[in-house]
Amino acid sequence: MADLRQTPLYDMHLELGAKMVPFAGYDMPVQYPLGVMKEHLHCRAAAGLFDVSHMGQVILRGAGAAAGLEALIPQDVIGLEDGRQRYGFFTNAAGGIEDDLMFANRGDHLFLVVNAGCKEADVARLRAALEPDVTVEYIEDRALLALQGPAAETALAKLAPEVADMHFMDVATVTLNGVECWVSRSGYTGEDGYEISVPEEAAVALARALLADEQVEPIGLGARDSLRLEAGLCLYGHDIDAATSPVEAALTWGIQKVRREGGERAGGFEGADVILAQLAEGVARKRVGLLPEGRAPMREGTEIFAGAEGGAAIGLVTSGAFGPTLQGPMAMAYVPTDMSQIGTQLFGEVRGKRLPVKVAKLPFTPANFKR
């Protein structure tokens, strides 16, 4: 497709034998010759390198940047320490999630990473709300790599030993392969690892330097999806969207006390009246983990029922796949809150047959972050 955008690593992906697919307007690698299953397991056992350059990178500069961002997200931005990063989400007046993001305090500016499919809307939202007091700089000349897995530290420390001293959600400016990079100890696989913003002209050389380590394999979007699902992490546009609140999505851990009722800076963000009321009173539906019996995955869109026969659907699968680490199928769905308790027996309809499924604890695979 001629209208698809390419990341700076596009030619390297082809050279490595990647199968390319359209994703968020980009031509992206879904898998390499190793295959999705082996890529997934390799990332859990050693280290995987992901091209996530399609994501949006944004810098906010100005004395009012933190307070301005707090008017758009229900997170504690003002209290975030220099050199630290936090998960957040843009909300709307109805309490829905417009996008989720990572934001970091870099001392004299804030650095944001937003989703590929939402980045233009996010930048427009930031500019409309913050300019001219705050400068919103959309970064288009840097690539973004994610190095994930238990061997990520060893692999990256060969290029810069100081990265071994970083902890989960630390951010730092680090020289890698002779180039200044912005590094965070984070990722979206449930494993230890790093996300690396690198000037686009140096991206291929850095990727090759990392792949030269025998513990590092290139990983595509297929395994990225199964890894994040095992980790119980939401994919925007699937598990969360503009019609889903953070309380329904079980993301309330991401709303710090200072922004809640009774907090020093309670409310003051889009949809605060709805979200704070839901925190106090509860919601009718919740995101849960599901473990289907047998081997057949229950894919996105599968209807969930309370009984083996009869009755209307009570929920819908938002993400579903086979979990290579679990060695079985897994899914996430929204179900009525009174049916969201762990162990609750439900049924998913697959090809006209209702198959048993149980509500399960998230994440499906324990996180391996370096705290």
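The structure this text deals with has already been given above.
Residues numbered from 1 in each chain as written. Predicted model: local features only at pLDDT ≥ 70, side-chain atom pairs only at ≥ 80, totals over all residues. Heavy atoms only, no water.

Engineer: What is the right way to look at the overall build of the protein in this model?
Structural biologist: Looking only at helices and strands, one finds 8 helices and 19 strands in the protein. Relative to the globule expectation of 21 Å for 371 residues, the C-alpha radius of gyration of the protein, 21 Å, shows essentially globular dimensions. Across the 371 residues in the protein, those meeting the buried criterion constitute 56%. Restricting the contact set of the protein to residue pairs at least 6 apart, pairs at least 24 apart contribute 65%. Summed over its atoms, the accessible surface of the protein is roughly 15300 Å², and 52% of this surface lies on carbon and sulfur atoms. (Helix = DSSP H or I, 4+ residues; strand = E, 2+ residues; numbered from the N terminus. Rg over C-alpha atoms; globule rule 2.2 N^0.38 Å. Buried < 20%, exposed > 50% of the residue type's maximum accessible area, 1.4 Å probe, protein only. Contact = heavy atoms within 4.5 Å. Areas by Shrake-Rupley, 256 points an atom, 1.4 Å probe, with all protein chains shown as cover.)

Engineer: I would appreciate a short explanation of the nonpolar core in the present structure.
Structural biologist: A general tendency of soluble globular proteins is for nonpolar side chains to be buried together. Core analysis: the biggest nonpolar cluster contains 28 residues, and Leu 145, Leu 147, Leu 156, Leu 176, Val 183 and Ile 196 have the highest contact counts within it. Sorting the residues of this core by element identifies strand S3 (47-51), strand S9 (142-148), helix H5 (152-157), strand S10 (171-176), strand S11 (179-184), strand S12 (193-199) and helix H6 (200-211) as the ones contributing at least two each. Of all the elements, H6 adds the most residues to this core, at 5 residues. Setting aside anything within four residues of it in sequence, one finds Leu 147 in contact with Ala 47, Gly 48, Leu 49, Ala 152, Ala 155, Leu 156, Asp 192, Gly 193, Tyr 194, Leu 210 and Val 216. (Core = buried A, V, L, I, M, F, W, Y, C linked by side-chain atoms within 4.5 Å.)

Engineer: Explain the packing of aromatic side chains to me, please; I cannot follow it from the model alone.
Structural biologist: The geometry of an aromatic ring pair is captured by the separation of the ring centres together with the interplanar angle, meaning the angle of the planes. Throughout the structure, instances matching the rule amount to 4 aromatic pairs. Seen from their ring centres, Tyr 87 and Trp 253 are 5.4 Å apart, and the 20 degrees between their planes marks the pair as stacked. Note that Tyr 87 is positioned in strand S5 (residues 84-91) and Trp 253 in the loop between helix H7 (221-230) and helix H8 (272-281), a separation of 166 residues in sequence. Residue classification places Tyr 87 among the buried residues on the basis of a relative accessible area of 9%. Ring geometry for Phe 168 versus Phe 369: centroids 4.0 Å apart, planes at 5 degrees, classification stacked. (Phe/Tyr/Trp six-rings, centres within 6.5 Å; stacked < 30°, edge-to-face > 60°.)

Engineer: How should the pattern of salt bridges be read in this particular structure?
Structural biologist: Pairing is possible between side chains of opposite charge, provided their charged atoms come close. All told, the structure shown has 22 salt bridges when counted by the stated rule. Between Arg 125 and Glu 98 there is a salt bridge, and its shortest N-O distance comes to 3.3 Å. Of the two residues, Arg 125 sits in helix H4 (residues 119-130) while Glu 98 sits in strand S6 (residues 97-105), which places them 27 residues apart along the sequence. Exposure remark for Glu 98: the relative accessible area of 23% places this residue in the partly exposed category. (Salt bridge = Lys/Arg side-chain N within 4 Å of Asp/Glu carboxyl O.)

Engineer: Whenever I open this one, the pairing of strand S18 (residues 345-350) confuses me. Can you help?
Structural biologist: Looking down a regular strand, the side chains alternate between one sheet face and the other. Across 2 bridges, strand S15 (residues 303-305) lies against S18 in antiparallel orientation. Looking at S18, one finds that Phe 305 is bridged to Phe 347. Count of turn residues in the S18/strand S19 (residues 353-360) antiparallel hairpin: 2 residues, of which Arg 351 carries a positive phi of about 50 degrees. (Pairing = 2+ DSSP bridges.)

Engineer: Just checking my understanding: could you explain the pairing of strand S7 (residues 110-114) for this structure?
Structural biologist: By the criterion of burial, S7 is predominantly enclosed, with 5 of the 5 residues buried. Sheet topology places strand S4 (residues 56-61) next to S7; 5 bridges connect them, and they run antiparallel. Along S7, the bridge assignment pairs Ile 59 with Phe 111. Note: S6 against S7, 5 bridges, orientation antiparallel. Bridge assignment links Phe 103 to a residue of S7, and that residue is Leu 112.

Engineer: Would you take a moment to explain the sheet that holds S11 for this structure?
Structural biologist: Hydrogen bonds along the backbone pair up the strands of a sheet, which may run parallel or antiparallel. Read from one edge to the other, the open sheet built from 6 strands follows the order S10-S11-S12-S9-S3-S13, with strand pairing classed as mixed. With partners counted over all chains shown, the strands left at the sheet margins are S10 and strand S13 (216-218), one partner each. Averaged over all pairs of adjacent strands, the angle between strand axes in this sheet comes to 30 degrees, irrespective of strand direction. The pairing of S3 with S13 spans 3 bridges and is parallel. The residue bridging Ala 47 from the neighbouring strand is Val 216, located in S13. Strand contacts of helix H2 (residues 36-45): S3, S9 and S13, with the helix running at about 120 degrees to S3, the strand carrying the most contacts. The strands touched by H6 are S3, S9, S10, S11, S12 and S13; relative to S12, the strand with the most contacts, the crossing angle is about 145 degrees. (Axes fitted to C-alpha atoms, helices over the stretch in contact; angles between N-to-C directions.)

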